[in-house]
Amino acid sequence: MEKKVIYYKDELNDEFAGDSIQPKVIDGNWVYVHTSLWKKFTRFFWLRIVFTPIAWSFLKFKYHWKVENKNALKYVKKQAFFMFGNHTHNICDAFIPPIMHSPRNIYLIVNANNVSMPVLGKLTPSLGAIPLPANLAATKNFLKCIETRVNQKCGIIIYPEAHIWPFYTKIRPFPDTSFRYPVQYDTPVLCFTNTYQKRKFSKNPKIVTYIDGPFYPDKNLDKNSRKKDLRDKCYNAMCQRSKNSNLEIIQYIKAEQDENSENLNSAKGV
């Protein structure tokens, strides 16, 4: 089978998720934290009764999913933490964090697309989705939500690459912007790297997730330097783990800044 090729121009901003969802505007009316018993029940029902067995079965049977160094999670067992991972699968990136940490309460910071789908979009908040805000009023509520989850000693998952590159086997450079949260709340940081490995009798790869950390904000540094330090520790660990990928399903090639790159993508059906 011929390997699919994708030509990219911008590692920070190119998106290859392949969906056409029209994101809703997350404004000041969006409720980030629900406190009613009904909402607590629906979260338990959708997350534990419905989502968990489906996600676990999908990961295990389709991708023979496995976690390495899960022992690292015991160091953040009784405290809030932030965890950063590579963004390489539109389904597995939603499934892996809650299953990896089960039965702990985990929340994922997501793009508004994830709460904008016709049916699933109504369920993803119950599964822990925290959509990025679109204006100042929503930003205040978003930040209050993060503070609430930290106070509740929850884990918060962030994909700092921001954009999905399906089955990408390297780590894209990402900014230290989102590392301000563990610096602000003085919480530990972990990272995870999903790798794609060959299987003998299947076209589907085996997904092996490697966990690293915890890393802690260095109080000997100023706040900006703490962010960069945490970012670099995660980035370096993820780059090292990504070398365990030994199957390239999609080849990503940096395109020349000319019209030929667009023609190439069109020819490949991208």
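Predicted model only: the values in this text are computed from it and were never measured.

Trainee: Which parts of the structure should I look at to understand the overall build of the chain?
Mentor: Counting its regular elements, the chain contains seven helices and nine strands. Computed over its C-alpha atoms, the radius of gyration of the chain comes to 19 Å, within 12% of the 18 Å expected for a compact globule of 270 residues. Overall, the chain is about 50 × 45 × 40 Å in size when its C-alpha atoms are taken along their principal axes. Going through the 270 residues of the chain one by one, you find that 47% of them count as buried.

Trainee: Whenever I open this one, unusual backbone geometry confuses me. Can you help?
Mentor: Most of the time, phi is negative for any residue but glycine, and the peptide bond is trans. S102 connects to P103 through a cis peptide bond whose omega is 10 degrees. For P103, the position within the fold is in the loop between helix 2 (92-101) and strand 4 (106-110). Look at the link from G213 to P214: it is a cis peptide, with omega at 0 degrees. If you trace the backbone, P214 turns up in strand 8 (residues 206-215). One non-glycine residue, N69, adopts positive backbone phi at about 65 degrees.

Trainee: Would you mind going over the packing of aromatic side chains with me for this structure?
Mentor: The relation between two aromatic rings is expressed through the spacing of the ring centres and the mutual angle of the planes. Applying the stated criterion across every chain, the model contains 20 aromatic pairs. Aromatic side chains F51 and F95 sit 5.3 Å apart centroid to centroid with 80 degrees between the ring planes, which places their arrangement in the edge-to-face category. On the criterion of sequence distance, the pair formed by F51 in helix 1 (residues 37-63) and F95 in helix 2 is long-range, its members being 44 residues apart. An identical accessibility class is assigned to F51 and F95; each is buried. Taking the centre distance of 6.4 Å and the plane angle of 90 degrees together, the rings of W56 and F61 count as edge-to-face. A residue is classified by how much of its surface remains accessible, and W56, at 41% relative accessible area, is partly exposed. Ring pairing ties together the aromatic residues Y8, F16, W165, Y168 and Y252, which thus form one cluster. Just above the ring of F174 sits the side chain of R231; from NZ or CZ to the centre is 5.0 Å.

Trainee: Teacher, can you tell me more about the packing of helix 1 against helix 2 here?
Mentor: Helix packing for two helices is described by the angle between their axes and how far apart those axes are. At a minimum axis distance of 9 Å, the contact between helix 1 and helix 2 shows a crossing angle of 115 degrees. When the interaxial angle is binned, helix 1 and helix 2 end up roughly perpendicular. For the pair helix 1 and helix 2, the crossing hand works out as left-handed. Along the contact surface, helix 1 presents L47, F51, T52, A55, W56, F58, L59 and Y63, while helix 2 presents C92, A94, F95, I96, P98 and I99. Residue composition of the contact of helix 1 with helix 2, grouped by class: 13 nonpolar, one polar and no charged.

Trainee: Would you take a moment to explain the sheet that holds strand 3 (residues 81-85) for this structure?
Mentor: By way of backbone hydrogen bonds, the strands of a sheet pair with one another, either parallel or antiparallel. Spatially, the seven strands line up as an open sheet ordered 2-8-7-3-6-4-5, and their pairing is mixed. Edge positions in the sheet fall to strand 2 (66-68) and strand 5 (129-131), since each of these pairs with one other strand and no more. Sheet twist, expressed as the average angle between the axes of neighbouring strands with direction ignored, equals 25 degrees. Docked against the sheet, helix 6 (residues 223-242) engages strand 3, strand 7 (189-197) and strand 8, running at close to 20 degrees with respect to strand 7.

Cut-offs used in this document
- Residues numbered from 1 in each chain as written.
- Predicted model: local features only at pLDDT ≥ 70, side-chain atom pairs only at ≥ 80, totals over all residues.
- Heavy atoms only, no water.
- Helix = DSSP H or I, 4+ residues; strand = E, 2+ residues; numbered from the N terminus.
- Rg over C-alpha atoms; globule rule 2.2 N^0.38 Å.
- Buried < 20%, exposed > 50% of the residue type's maximum accessible area, 1.4 Å probe, protein only.
- Phe/Tyr/Trp six-rings, centres within 6.5 Å; stacked < 30°, edge-to-face > 60°.
- Lys NZ or Arg CZ within 6 Å of the ring centre and 35° of its normal.
- Axes fitted to C-alpha atoms, helices over the stretch in contact; angles between N-to-C directions.
- Parallel < 35°, antiparallel > 145°, perpendicular 65-115°, else oblique.
- Left-handed = near helix turned anticlockwise from the far one by under 90°.
- Contact = heavy atoms within 4.5 Å.
- Nonpolar A, V, L, I, M, F, W, Y, C, P; charged D, E, K, R; others polar.
- Pairing = 2+ DSSP bridges.

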